[in-house]
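Letter by letter, the chains look like this.
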Amino acid sequence: MKTVDIVERIEGEARLNCTWENGFVKDTQIDFLNFRGFEYILEGKPALDALVYTPRICGICGQAHLKATVEALENIYKSLNEELVITNKAKILREIGLNIEIIDSHIKWFYMFILPDVIKLKENDLKEYSPLKGKRWLEACKTASETIKALAIIGGQWPHTSYMIPGGVVSDPTLLDLTSMMNYLDLAINFFEDSIAGVSFDKYLSFNSVDDLNILNEDLKYFTNLSFEYSLQKYGTSYDRHLALSDSSISKRGKIRQRLTDKLDLNKIKENCDRTFKVEEDSKNKEKHTWSKAVTYNSMFYETGPFSRAMVSHREFIYELHKSYKDSVFTRVMARVDEIAHLLHSTKELIKQVDISEESYIKPKISLKDIPKANAKSVVEACRGSLYHNVSIEKGIITKYDVITPTVWNLGPAIKDEKGVAQKAIIGSPSLDIAKIVLRSFDVCSVCTTH
Amino acid sequence: MIDSTEMVKKVFTQKSGRVDTNRGDEYYNSLFENAKNRLSTLREQEPLKDIDMMDVIESEGVNRRDFMKWVSATTATLMLPPMFAPLVAEATELMNRVPVIWLELQDCAGNTEALLRSSAPTVDDLLFDVLSLEFHHALMAGAGHDAEHQLDEAMEHFKDNYLLFVEGSIPMGMNGNYGTIGPSGETFHDHLQRISKHAAAVVAVGTCATFGGVPAASPNPTGAVGVMDIVKGKPIINIPACPANPANMVGVVLHYILTGQVPELDSLLRPKFAFGYRIHDNCERRAHFDAGEFVEEWGDVGAQNNWCLYKVGCKGPMTFNNCSIIRYNEGTNWPIGAGHGCIGCSEPDFWDKYAYQRPMASANIKAPTGGVEKTVDEFGLGLLTATTVGIGVHAVASAVAGKKSGEEGEDK
């Protein structure tokens, strides 16, 4: 039996095709059918223009793209042995911005995207978790909106922020600004304590064993109970290979295949278009079914995202959950929510480190226009995982711009007979509802995936 | 010297660049009566949601005075005289009479993100509890086939009465196959045509839906266009910007409730209440422009003192939008507040024309400054020439404007 279903409540939409055998998903294919063509648009544009284009790839992770672009452009200087001096202050402000965006995204994802589907396995009425009217849904929405104000203070606005430029940042926060940012983050911490985890923040951060699941209260307890009732700790396992391309304030770079290594070579990242539609080619080629490309590291699929970051960095609580429940839906969701706490903690620490007397920006000695030819890459850990930008310029004009988003790592199609990460995870699901939850556990973003 | 000051004076003082906010007592009195009648008709209608705005507001601990403060600010935003405030308050309570369907096409969801952050007494309640959002891909509970049914039902039930909000552009290339939706693989084009057919009005939200936005930037690989290029025979309201300011989305809905009509629009179908003046006209750094105090490069003494960002590429003088007043994220901040110039995101084709760090002098931009047929590079150069002599050029323009013509000789 074959079924085709639509997965919404993501950014954009995805089509999930399943083949069934004896009541289980035997094979699956994920189609992303919306394309905009950012890489084509960037070609021929002045290099600095990329700073306003790439954040628009996604309305949710624009900071990550902004940071990737600015660092790719700075890496161009580095490749010419003209490394720019970026003050500590500028570096910290960029990191703070990125972290806040991830916190915002994770809170919304838990309450708006995954929790309603999990609750619906049991209840018809979502009650306080109902979109647009449930009390908890509205509280989560409000918390996310308040948190993101901390970013708006230094970034001007959110979404689609522009405050990073090669050489630093344009903003110059005052002490009052920094205090306000702290206050917004404290609101999120209160929400985490009162509604998400139901335990004190410090207690939660000290979690280091499976038994700690018993201490949880509120929504994480609700989620945990539902997960075990519907075996979400068993479904959704994939290759269990993990990749984090960049260091971040809460995680290290590295990969886990059989064992952990921090040796990464960006040249081993390869894109594959076997299943991907081509621009201007209205073909009927059956092999091609999506606008998403596939990507591998050293010819292998890797999962990326908060769960992989927790694994690579050996974050105790998630690491222990993984020992019992592998790379299941349950562990993957827990890892994303767990990251909220760690990010809130480390972002507050970062704000304390901002030295307002430092400079925000130091002008590059040479202009990109005076560089005959250069190429550079950058990597950033975004909400959904590792983001990679690769830019080539000639006299300040972009000649090629390649973007590989986290969702391409997780949600890209198969290569030959090898299934993509999410695809493999969906196989074996006992129902369409579970299959959709497995897909959603990767935090699907159709617009990022296809860009 | 005199040429450039004359030019600047023209640019910043001529009437066509501004909105005439006072349309006379007769006009407002008649509008007031119409609105009153309209609201009482709406009040007789069955609410789509059984929610009382004032209950919501009180239960959330917002007092009446705060609500009225918000109402008077909103009344001003809609460019209505203060006597309309009680009607705006009433219209807010009647938001649950107007059904809204929200479509996402070739987009990044940035406007949905902005909507989640709209400013109101209790934002979420005002918008989500009271506004009857009948369909929204990303925010509603249903998904998949359920969602399709929900959309069909909403369209049938509210036939010819719903406001259709559209986020994202429409790809016309390759027979529309750059963007399809739903299990049947309907193209965005067909989808929009089908759903707009029975809408009372179509509101294009964000620069993608209005002017094609990023996807339409050169070379426009997917043949992206805006809603107004596709939908014909319907009132269309454009709320550009990237993202659009949610205050303007609420403003359009309120105006519709209040009058049953679309607000007054400019030639680009933008509501004049929001896009009738330039960023520059109300910019918090305007005094520094007038005083000739400019940020020369990021991080300099000017940047640290919040001076004017014109010389580092701010497009405020050419960009029509109210974000210098409304700001973003519930008034927290806006790009210029954070030290970044305006990128002109509410103007057509801004992607190709206004990219923000390209020096003005080398960009061949036509400034939509109301009849001044000069390219912006000339315009910019004129200004910069003026400022090099250490005078705030605008201050000079104002001073000259205030003097008798015979005294112009002093201005050397």
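Residues numbered from 1 in each chain as written. Chains lettered and ligands numbered in written order. Predicted model: local features only at pLDDT ≥ 70, side-chain atom pairs only at ≥ 80, totals over all residues. Heavy atoms only, no water.

Heads up, the rule is: UniProt positions are given in the numbering used here, feature names are shortened, and annotations may be inferred rather than shown by experiment.
Chain A is annotated in an unreviewed UniProt entry as Nickel-dependent hydrogenase large subunit of Arcobacter roscoffensis. Per its UniProt entry, chain A bears the Subcellular location (unreviewed entry) comment "Cell envelope". If you open the UniProt record of chain A and go to Cofactor (unreviewed entry), you find "Ni(2+)".

1. Describing the overall build of chain A
What counts is decided by this rule: Strands here are runs of E lasting at least two residues and helices are runs of H or I lasting at least four, both read from the DSSP assignment and numbered beginning at the N terminus. Radius of gyration means the value over C-alpha atoms here, while the globule rule gives 2.2 Å times the residue count to the 0.38 power. Exposed residues in this analysis have more than 50% of their type's maximum accessible area, buried residues have under 20%, and partly exposed residues fall in between, with area computed by a 1.4 Å probe over protein chains only. The method behind every accessible area is Shrake-Rupley, applied with a 1.4 Å probe, and residues are considered shielded solely by the protein chains displayed.
The secondary structure content of chain A amounts to 15 helices and 14 strands. On C-alpha atoms alone, chain A measures out to a radius of gyration of 21 Å, which is about the 22 Å that the 2.2 N^0.38 rule sets for 451 residues. Taken along its principal axes, the extent of the C-alpha atoms in chain A is 65 × 55 × 40 Å. Considering chain A as a whole, with its 451 residues, one finds that 67% of them fall into the buried category. Summing over all exposed atoms, chain A offers an accessible surface of approximately 15,600 Å²; the carbon and sulfur share of this is 47%.

2. Some words on the nonpolar core
Convention followed: Grouping buried Ala, Val, Leu, Ile, Met, Phe, Trp, Tyr and Cys residues that are joined through side-chain atoms within 4.5 Å yields what is termed a nonpolar core. The contact rule is simple, with two residues in contact once any of their heavy atoms fall within 4.5 Å.
In this structure, A:I96, A:F110, A:Y204 and A:M334 are the most contacted members of the largest nonpolar core, which totals 224 residues. At 18 residues, the largest contribution of residues to this core is made by helix α4 (residues 88-120) of chain A. If we ignore the near neighbours within four places in the chain, the residues touching A:F110 are A:L115, A:P116, A:D219, A:L220, A:F223, A:V333 and A:V337. In this structure, B:F188, B:I195, B:A209 and B:V227 belong to the second largest nonpolar core, which totals 26 residues.

3. Quick look at the pattern of salt bridges
Applicable threshold: The term salt bridge refers to a side-chain nitrogen of Lys or Arg lying within 4 Å of a carboxyl oxygen of Asp or Glu.
Counted under the stated rule, the structure contains 42 salt bridges over all chains. A salt bridge links A:E71 to A:K67; its shortest N-O distance comes to 3.2 Å. Here A:E71 pairs with A:K67, and both are found in helix α3 (residues 62-79), just four residues apart, close to one helical turn. Overall, the relative accessible area of 10% leaves A:K67 in the buried class. B:E296 is paired through a salt bridge with B:K311; the nearest N and O atoms lie 3.1 Å apart. With B:E296 in the loop between α13 (286-290) and α14 (301-304) and B:K311 in the loop between α14 and α15 (323-326), this residue pair connects regions lying 15 residues apart in the sequence. According to the relative accessible area criterion, B:E296 is partly exposed, its value standing at 47%. A single salt-bridge network, built from bridges that share partners, covers A:E128, A:K135, A:R136, A:E139, A:E218 and A:D219.

4. Here's the deal with the interface of chain A and chain B
Keep this limit in mind: For any pair of parts, buried area is found by adding up, for both, the accessible area (1.4 Å probe) each one loses once the two are put together. Each polar contact in these results corresponds to two N or O atoms within 3.5 Å; when the atoms are within protein, one needs to be able to donate a hydrogen and the other to accept it, and residues that are neighboring in sequence are counted only if both atoms are side-chain atoms. Polar here means any residue other than Ala, Val, Leu, Ile, Met, Phe, Trp, Tyr, Cys and Pro, which are nonpolar, and Asp, Glu, Lys and Arg, which are charged; Gly is therefore polar.
Between chain A and chain B, the contact holds 76 residues from the first and 68 residues from the second. In total, about 5,900 Å² of surface goes out of reach between chain A and chain B, with carbon and sulfur atoms giving 57% of it. Where chain A packs against chain B, one counts four salt bridges. At the junction of chain A and chain B, the tally comes to 17 residue pairs in polar contact (both at pLDDT 80 or more). When residues of the side of chain A that touches chain B are traced back to their parent elements, those giving at least two are β1 (2-10), β2 (12-21), α1 (38-42), α2 (50-53), α4, α5 (135-155), β4 (164-165) and α14 (432-440) of chain A. Of all the elements, α5(A) adds the most residues to the side of chain A that touches chain B, at 13 residues. Within the side of chain A that touches chain B, the residues separate by chemical class into 40 nonpolar, eleven polar and 25 charged.

5. Structural notes on the sheet that holds strand β13 (residues 385-394) of chain A
Residue and element names in this part refer to chain A. This is how the line gets drawn: Pairing between strands requires that DSSP locate at least two bridges from one strand to the other. For every element, the axis is a line fit to its C-alpha atoms; helices are fit only across the contacting stretch, and the angle between N-to-C directions ranges from 0 to 180 degrees.
Strand order in the open sheet formed by three strands is β12-β13-β14, and the pairing between neighbours is antiparallel. The two strands at the open ends of the sheet, each matched to only one other strand, are β12 (374-382) and β14 (397-404). In this sheet, neighbouring strand axes are inclined to one another by 15 degrees on average, regardless of whether the strands run parallel or antiparallel. α3 contacts β12, β13 and β14 of the sheet and is inclined by roughly 145 degrees relative to β12.

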